[in-house]
Amino acid sequence: MEPVRDDLLAKRAELLDELGLLEAPPGERGEIAFGKRVGEGTAMAVDRLSQVAVHDKLQVMMADVERALAKLDEGSYGTCDACGGPVGEGRLEVLPWATLCVEDATRR
């Protein structure tokens, strides 16, 4: 299980870096004006909304990584948190932080 733990720790570090970039205060952007025309301010607002959506997804993934690490420690790694059945070896190869089987993940 150590290779799995190493993969999960690497993913957690990667997510922390990405979240750190998204959470950093914005640089100098000057005045933002929102008028009737699509301008720089509108584009910046749309960009920020996209960043918020990405941030939310990264936080969900971080919670899954943390849960998978906890499951390793408690000896329940590979079992579905919802139904208690197996998550599936193929699914864990692709997503080592998966804590739900395919059926339960589709309901999420």
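Residues numbered from 1 in each chain as written. Predicted model: local features only at pLDDT ≥ 70, side-chain atom pairs only at ≥ 80, totals over all residues. Heavy atoms only, no water.

### So, the overall build of the protein chain
Argument step 1. Along the protein chain, the regular secondary structure elements total four helices and zero strands.
Argument step 2. In sequence order, the secondary structure elements of the protein chain are arranged as α-α-α-α.
Argument step 3. Out of the 108 residues belonging to the protein chain, those deemed buried represent 27%.
Argument step 4. Long-range pairs, those at least 24 residues apart, make up 52% of the contacts in the protein chain between residues at least 6 apart in sequence.
Argument step 5. A total of about 7,500 Å² of accessible surface is found on the protein chain, and carbon and sulfur atoms cover 57% of it. (Helix = DSSP H or I, 4+ residues; strand = E, 2+ residues; numbered from the N terminus. Buried < 20%, exposed > 50% of the residue type's maximum accessible area, 1.4 Å probe, protein only. Contact = heavy atoms within 4.5 Å. Areas by Shrake-Rupley, 256 points an atom, 1.4 Å probe, with all protein chains shown as cover.)

### Some remarks on the environment of Asp-7
Argument step 1. With respect to the secondary-structure elements, Asp-7 resides in helix H1 (residues 2–23).
Argument step 2. For the pair Asp-7 and Leu-95, spaced 88 residues apart in sequence, the C-alpha to C-alpha distance is 10.0 Å.

### Some thoughts on the pattern of salt bridges
Argument step 1. One pass over the structure, following the stated rule, counts eight salt bridges.
Argument step 2. We note a salt bridge from Arg-12 to Glu-66, for which the minimum N-O separation is 3.3 Å. Taken together, the residues span a long stretch of sequence, with Arg-12 in helix H1 and Glu-66 in helix H2 (residues 40–74) at a distance of 54 residues.
Argument step 3. For Arg-12, a relative accessible area of 26% translates into the label partly exposed.
Argument step 4. Overlapping salt bridges, with partners in common, bring together Arg-67, Lys-71, Glu-74 and Asp-81 in one network. (Salt bridge = Lys/Arg side-chain N within 4 Å of Asp/Glu carboxyl O.)

### Some details on H1
Argument step 1. In a regular helix each residue adds 1.5 Å, so 22 residues correspond to 32 Å; H1 covers 31 Å between its end C-alpha atoms and thus fits that length.
Argument step 2. Along H1, the residues that are buried comprise Leu-8, Lys-11, Leu-15 and Leu-19. For H1, the arc enclosing every buried residue in end-on projection is 75 degrees, short of the 170-degree limit, so these residues lie on one face. Away from its buried face, by an angle of more than 90 degrees, H1 presents the exposed residues Pro-3, Asp-17 and Leu-21. (Expected span 1.5 Å × (residues − 1). Arc of directions from axis to C-beta.)

### Considerations on the nonpolar core
Argument step 1. Leu-8, Val-65 and Tyr-77 are the most contacted members of the largest nonpolar core, which totals 17 residues.
Argument step 2. Counting residues per element, this core draws most heavily on H2, at six residues.
Argument step 3. Sequence-distant contacts of Leu-8, defined by excluding residues within four places in its chain, comprise Val-65, Ala-68, Leu-69, Leu-72, Tyr-77, Pro-96 and Trp-97. (Core = buried A, V, L, I, M, F, W, Y, C linked by side-chain atoms within 4.5 Å.)

### Structural notes on the side chain of Thr-99
Argument step 1. By the element assignment, Thr-99 lies in the loop between helix H3 (89–94) and helix H4 (102–107).
Argument step 2. Accessibility expressed as a relative area gives 7% for Thr-99, which makes it buried.
Argument step 3. Once residues within four sequence positions are removed from consideration, Thr-99 is found in contact with Asp-64, Arg-67, Ala-68, Lys-71, Thr-79, Cys-80, Asp-81 and Val-87.

### Examining the confidence of the model for the protein chain
Argument step 1. Taken residue by residue, the protein chain gives an average pLDDT of 86. The fraction at 70 or more is 82%.
Argument step 2. Confidence, expressed as mean pLDDT per element, reaches its minimum in the protein chain at H2 with 86 and its maximum at H3 with 95. (pLDDT = per-residue confidence, 0-100.)

### Observations regarding the side chain of Asp-64
Argument step 1. Here Asp-64 lies in helix H2.
Argument step 2. With residues near it in sequence (within four places) discarded, Asp-64 still touches Trp-97, Thr-99 and Arg-108.

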